Amino acid sequence: WVLSRLAYEYEKKMIKNVDHVIVLNNRDARELKRIYNRKADFVLPTSFEDRFGNISTNEEGKEASLRLLFVGSNFFANIHGIGWFVDQVMPYVRNAVLYIVGKGMESERTRLEKENVQVIGTVDSLDEWYGKADVIVSPIFLGSGMKTKTAESLMFGKPILGTREAFEGYDLEPSKVGALCNTAAEFIAEITNIQQSDNWIELHGKYAREIYETQYSYKISLDRFRTFMRKIRTGN
């Protein structure tokens, strides 16, 4: 409690004295106003430097199991979400394998690993795993800001099955980059739908990549920030 109070007081003083406050999304702007009574000066969504050229799609085993990927470090919101997914979704899907990749996740292997769930844990590079994956799953129910794994998945042109929290702050249609799934039944239904479609992965992956290039690339973010700074300097 003491540390939380100190953090609040520090943030309160900092926000009061800074010239401009930048937030990731409109939800954060509302929270800023509610908690600190300060209006956000600029909303700048998260972005990623393009690494799309680093991956190569693994065609081996394309007719075998659907390859699902969860990316996330050993953090309470990630553990909560993927634990739920492993228990409530994976036992009810067939011909699909879930790979769990992220820093420290190997410590959760005993808890999470099952016949169709493999915990990879810490890796030197995520790029290889994104290249191998057919679909990204993001069953996140807790948190704030924007989920960087969503932008990263878009960058790699990978379809996303995600919760409302996973897509929070992103200006896109979940049904075009993948699907909005907030219940186990919705995740199961969408995975089944993917398995029964010949071009679902290709179509949704293409749209995901287009959204990244037009909304969440580093270049787009830098241009937005430059425009904001120019307005500050000119007063317009």
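To be clear, the structure that these remarks concern was listed above.
What you see is a predicted model, and the numbers here were worked out from it, not measured in a lab.

K.L.:
In this structure, what is going on with the overall build of the chain? I would like to understand it.
P.N.:
Counting its secondary structure elements, the chain contains 10 helices and 8 strands. Computed over its C-alpha atoms, the radius of gyration of the chain comes to 19 Å, within 12% of the 18 Å expected for a compact globule of 236 residues. By principal-axis analysis of the C-alpha atoms, the chain measures approximately 60 × 40 × 35 Å. Classification of the 236 residues of the chain by burial places 44% in the buried group. Summarising the internal contacts of the chain: among those between residues at least 6 apart in sequence, 62% fall at separations of at least 24. If you sum the accessible surface of the chain, you get close to 13200 Å²; carbon and sulfur atoms cover 50% of it.

K.L.:
Where do I start with the sheet that holds strand β7 (residues 160–162) in this structure?
P.N.:
Sheet strands pair by backbone hydrogen bonding; their relative direction is either parallel or antiparallel. An order of β5-β4-β3-β6-β7-β8 is seen for the 6 strands of this open sheet, with the pairing classed as parallel. The two strands at the open ends of the sheet, each matched to only one other strand, are β5 (117–121) and β8 (178–180). Geometrically, the sheet is characterised by an average inter-axis angle of 20° between neighbouring strands, direction not taken into account. Both strand β4 (residues 96–101) and β5 contribute to a ladder of 4 bridges, which runs parallel. The residue of β5 that forms the bridge with Val-101 is Gly-121.

K.L.:
For this particular structure, what's the right way to read the environment of Asp-28?
P.N.:
Note that Asp-28 resides in helix α2 (residues 26–36). For the pair formed by Asp-28 and Gly-131, sequence separation is 103 residues and the distance between their alpha carbons is 32 Å. When sequence neighbours within four positions are dropped, the list of residues in contact with Asp-28 reads Val-23 and Gly-145.

K.L.:
Explain the packing of aromatic side chains here, please?
P.N.:
The relation between two aromatic rings is expressed through the spacing of the ring centres and the mutual angle of the planes. Within the structure shown, the criterion is met by 9 aromatic pairs. The interplanar angle of 5° and the centroid separation of 4.5 Å between the aromatic rings of Phe-42 and Phe-228 together place this pair among those described as stacked. Of this pair, Phe-42 sits in strand β2 (residues 42–43) while Phe-228 is found in helix α10 (residues 218–234), placing the two residues 186 residues apart along the sequence. Just as Phe-42 is buried, Phe-228 falls in that class too. Each member of the aromatic cluster is reached from another via a ring pair, and the members are Trp-84, Phe-85, Phe-141 and Phe-187. For Lys-132, the ring lying beneath its charged end belongs to Trp-129, and the centroid distance is 4.4 Å. The aromatic ring of Phe-52 is capped on one face by Arg-209, whose charged end is 4.3 Å from the ring centroid.

K.L.:
Just checking my understanding: could you explain α10 for this structure?
P.N.:
Residue pairs three or four apart in sequence face the same way in an α-helix, which turns once every 3.6 residues. Helix length check: α10, at 17 residues, gives a terminal C-alpha distance of 24 Å against a target of 24 Å (1.5 Å per residue), a fit within 8%. Directly after α10, the chain includes Gly-235, whose backbone phi takes a positive value near 80°.

Parameters at a glance
- Residues numbered from 1 in each chain as written.
- Predicted model: local features only at pLDDT ≥ 70, side-chain atom pairs only at ≥ 80, totals over all residues.
- Heavy atoms only, no water.
- Helix = DSSP H or I, 4+ residues; strand = E, 2+ residues; numbered from the N terminus.
- Rg over C-alpha atoms; globule rule 2.2 N^0.38 Å.
- Buried < 20%, exposed > 50% of the residue type's maximum accessible area, 1.4 Å probe, protein only.
- Contact = heavy atoms within 4.5 Å.
- Areas by Shrake-Rupley, 256 points an atom, 1.4 Å probe, with all protein chains shown as cover.
- Pairing = 2+ DSSP bridges.
- Axes fitted to C-alpha atoms, helices over the stretch in contact; angles between N-to-C directions.
- Phe/Tyr/Trp six-rings, centres within 6.5 Å; stacked < 30°, edge-to-face > 60°.
- Lys NZ or Arg CZ within 6 Å of the ring centre and 35° of its normal.
- Expected span 1.5 Å × (residues − 1).

Such coordinate-based values are descriptive only and should not be taken to indicate function.
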